[in-house]
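# A closer look at the structure
Chain by chain, the residues run as shown.
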Amino acid sequence: MRIELTDLTKTYKGNVHALRGLNLDIPTGMYGLLGSNGAGKTTLMRILVGLIKPTSGTVRIGGHDIASGEGKLAVQRTLGYLPQNLGVYPDLTARRFLDYIALLKGLDSRTERRRRINELLEVVALTEEADRKLKGFSGGMVQRVGIAQALLTDPRLLVVDEPTTGLDPEERIRFRNLLSQLAGDRTVLLSTHIVDDVAQTCRSLAVLAKGRLVFHGDVGALVSRAAHQVWTVTTSGPAPTWGRVVSALPEGTGVRYRVIAASPPDPTARPTDPGLEDGYLALMESDRLTHPV
Ligand SMILES: Nc1ncnc2c1ncn2[C@@H]1O[C@H](COP(=O)(O)OP(=O)(O)O)[C@@H](O)[C@H]1O
Ligand SMILES: [Mg+2]
């Protein structure tokens with residue numbers, strides 16, 4: 001399910017430019033949408049799933065223009081969505097909740113619902129907890145119920161908005177691995193502000209900053225944005241003042257600094273291989289210079 005965005009904009013009341021002319025092709029597989037708070041991730045996702053309309057521009061999903069009634073219907077049949085804040089009914093069990101959502105989605109056959117829900121409970125590893133009330137679930141368990149409800153109709157496109165926020169490290173890893181498995185034969189669009197979520201699951205990604213697309217491509221291409229700009233400085237003297245210090249680790253009697261800078265921040269600085277976080281920070285830094293507001 002390929003997604004094609006052309007000149008897509010969204011301006012909210014009060015002249016808030018949430019999306020400023022996005023042009024982007026999203027291929028099948030797992031795709032990351034990275035950006036800080038307010039970048040426009042949720043706005044884009046709500047447009048894709050048909051909850052809000054863009055101010056201008058077009059969205060084609062699997063060849064269908066979602067602005068047409070026909071296109072919207074075709075896409076909605078094949079789309080699953082986990083919103084940033086999924087409301088669940090705390091007094092329902094996981095199984096009852098899924099059954100309720102399945103009914104809303106038009107799965108009328110009771111035996112078919114039962115079969116599908118059992119299957120999905122296995123997929124998200126909640127079979128044992130299926131008959132417990134949701135109010136006793138951890139954040140990670142609720143998110144897995146959320147993925148199960150998004151998968152009820154076996155969608156070709158799964159849109160997942162900041163699903164790892166607030167999860168503990170083990171649940172985050174488990175949840176990310178689940179998404180990667182699901183991406184085998186479908187498009188999974190994952191939005192996050194956590195660079196590591198993308199680094200561990202996606203081969204390609206887009207970066208949004210204040211409603212603008214500032215990068216799209218391979219993870220490797222983003223990493224290389226910081227090529228020859230990452231340095232290690234170990235000193236017991238003052239911290240480097242040239243460049244951006246991204247970490248400071250006590251070592252012996254001194255501190256080991258990791259610094260992003262266009263030239264060596266100190267005569268003793270050692271060139272260091274960049275990672276995705278470095279690439280992202282270098283990108284944001286250069287974007288700030290070209291678009292100060
Ligand atoms: N319903 C709305 N009305 C007005 N402004 C909004 C609305 N929703 C989001 N915004 C604004 O649009 C911008 C993008 O928000 P959002 O898409 O939620 O970003 P993200 O999900 O990346 O944090 C922000 O400046 C936000 O305050
Ligand atoms: Mg958001």
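Just so it is clear, the model here is predicted, and its values are computed rather than measured.

### Some points on the domain arrangement of the protein
- Taken as a whole, the protein is organised into domain 1 (3-218) and domain 2 (224-290).
- With 11 residues of domain 1 in contact, the opposing surface of domain 2 contributes seven residues.
- In total, domain 1 and domain 2 occlude about 780 Å² of area from one another, counting both sides; carbon and sulfur atoms represent 73% of this.
- It is Val195, Val214 and Phe215 that lose the most area in domain 1 upon contact with domain 2, and together they represent 48% of the buried surface on that side.
- For the interface between domain 1 and domain 2, the tally reads one salt bridge.
- A salt bridge links Arg212 to Asp287, with the nearest nitrogen and oxygen atoms 3.1 Å apart.
- Counting the contacts that link domain 1 with domain 2 gives one residue pair in polar contact (both at pLDDT 80 or more).
- When the residues that make up the side of domain 1 that touches domain 2 are grouped by side-chain class, the tally is eight nonpolar, two polar and one charged.

### Observations regarding unusual backbone geometry
- Phi at Asp7 takes a positive value of approximately 45°, unusual for a residue other than glycine.
- Mapped onto the elements of the fold, Asp7 is located in strand β1 (residues 3-12).
- Although it is not a glycine, Asp154 adopts a positive phi angle of roughly 50°.
- Position of Asp154 among the secondary structure elements: in the loop between α5 (139-150) and β7 (157-161).
- Assessed through its relative accessible area of 37%, Asp154 is described here as partly exposed.

### Structural notes on the pattern of salt bridges
- Here the structure, examined in full by the defined rule, presents 21 salt bridges.
- The residue Arg172 makes a salt bridge to Asp197 at a minimum N-O spacing of 3.3 Å. Of this pair, Arg172 sits in helix α6 (residues 169-182) while Asp197 sits in helix α7 (residues 195-201); the two residues are 25 residues apart in sequence, bridging distant segments of the chain.
- The salt bridge involving Glu251 is made with Arg256; its shortest N-O contact spans 2.5 Å.
- Residue classification places Glu251 among the partly exposed positions, given a relative accessible area of 34%.
- The network of salt bridges with common partners includes Glu112, Arg115, Arg116 and Glu119.

### Considerations on the pairing of strand β2 (residues 16-26)
- Taken together, the eight bridges between β1 and β2 define a ladder with antiparallel strand orientation. Considered in β2, the bridge of Glu4 is made with Asp25.
- Hairpin connection of β1 to β2: three residues between the antiparallel strands, including Gly14 at a positive phi of 85°.

### Here's the deal with the packing of helix α3 (residues 94-104) against helix α4 (residues 110-123)
- Packing of α3 against α4 leaves a shortest axis separation of 10 Å and a crossing angle of 125°. One finds that α3 runs oblique with respect to α4. Note on packing geometry: the crossing formed by α3 with α4 is right-handed. In contact with Arg95, Leu98, Asp99, Ala102 and Leu103 of α3, α4 contributes Arg113, Ile117, Asn118 and Leu121.
- The residue inventory of the contact of α3 with α4, partitioned by class, reads five nonpolar, one polar and three charged.

### Details of the coordination of the magnesium ion (ligand 2)
- Taken together, Thr42 (OG1) and Gln84 (OE1) make up the protein donors of the magnesium ion (ligand 2), found 2.0 to 2.4 Å from the metal. On the criterion of sequence distance, the pair formed by Thr42 in helix α1 (residues 41-48) and Gln84 in the loop between β6 (79-82) and α3 is long-range, its members being 42 residues apart.
- Thr42 gets classed as partly exposed once you look at its relative accessible area, which sits at 26%.
- What makes Gln84 partly exposed here is its relative accessible area of 35%.

### Regarding the side chain of Ser191
- Counting through the fold element by element, Ser191 comes out in strand β8 (residues 187-192).
- Judged by its relative accessible area of 0%, Ser191 is buried.
- A polar contact of 2.6 Å, which involves the side chain of Ser191, links it to the side chain of Asp161.
- Setting aside residues no more than four positions away along its own chain, Ser191 makes contact with Leu33, Lys41, Met45, Val160, Asp161, Glu162 and Pro163.

### Description of the site of ligand 1
- Taken together, the residues surrounding ligand 1 are Tyr12, Val16, Ala18, Ser36, Asn37, Gly38, Ala39, Gly40, Lys41, Thr42 and Thr43.
- Thr42 places a side-chain nitrogen or oxygen 2.8 Å from an oxygen atom of ligand 1.
- Coverage of ligand 1 by the protein chains reaches 60% of its 560 Å² of free accessible surface.
- If you list the elements that add at least two residues to the shell around ligand 1, you get β2 and α1.
- Per element, the largest residue contribution to the shell around ligand 1 is three residues, and it comes from α1.
- Residue composition of the shell around ligand 1, grouped by class: four nonpolar, six polar and one charged.

Rules and cut-offs
Residues numbered from 1 in each chain as written. Chains lettered and ligands numbered in written order. Predicted model: local features only at pLDDT ≥ 70, side-chain atom pairs only at ≥ 80, totals over all residues. Heavy atoms only, no water. Domains from an automatic or database assignment. Contact = heavy atoms within 4.5 Å. Buried area = accessible area lost by both parts, 1.4 Å probe. Salt bridge = Lys/Arg side-chain N within 4 Å of Asp/Glu carboxyl O. Polar contact = N/O pair within 3.5 Å; in protein donor to acceptor, adjacent residues only side chain to side chain. Nonpolar A, V, L, I, M, F, W, Y, C, P; charged D, E, K, R; others polar. Helix = DSSP H or I, 4+ residues; strand = E, 2+ residues; numbered from the N terminus. Buried < 20%, exposed > 50% of the residue type's maximum accessible area, 1.4 Å probe, protein only. Pairing = 2+ DSSP bridges. Axes fitted to C-alpha atoms, helices over the stretch in contact; angles between N-to-C directions. Parallel < 35°, antiparallel > 145°, perpendicular 65-115°, else oblique. Left-handed = near helix turned anticlockwise from the far one by under 90°. Donors = N, O, S within 2.8 Å, 3.2 Å for Na, K, Ca; no water. Near = heavy atom within 4 Å. Areas by Shrake-Rupley, 256 points an atom, 1.4 Å probe, with all protein chains shown as cover.

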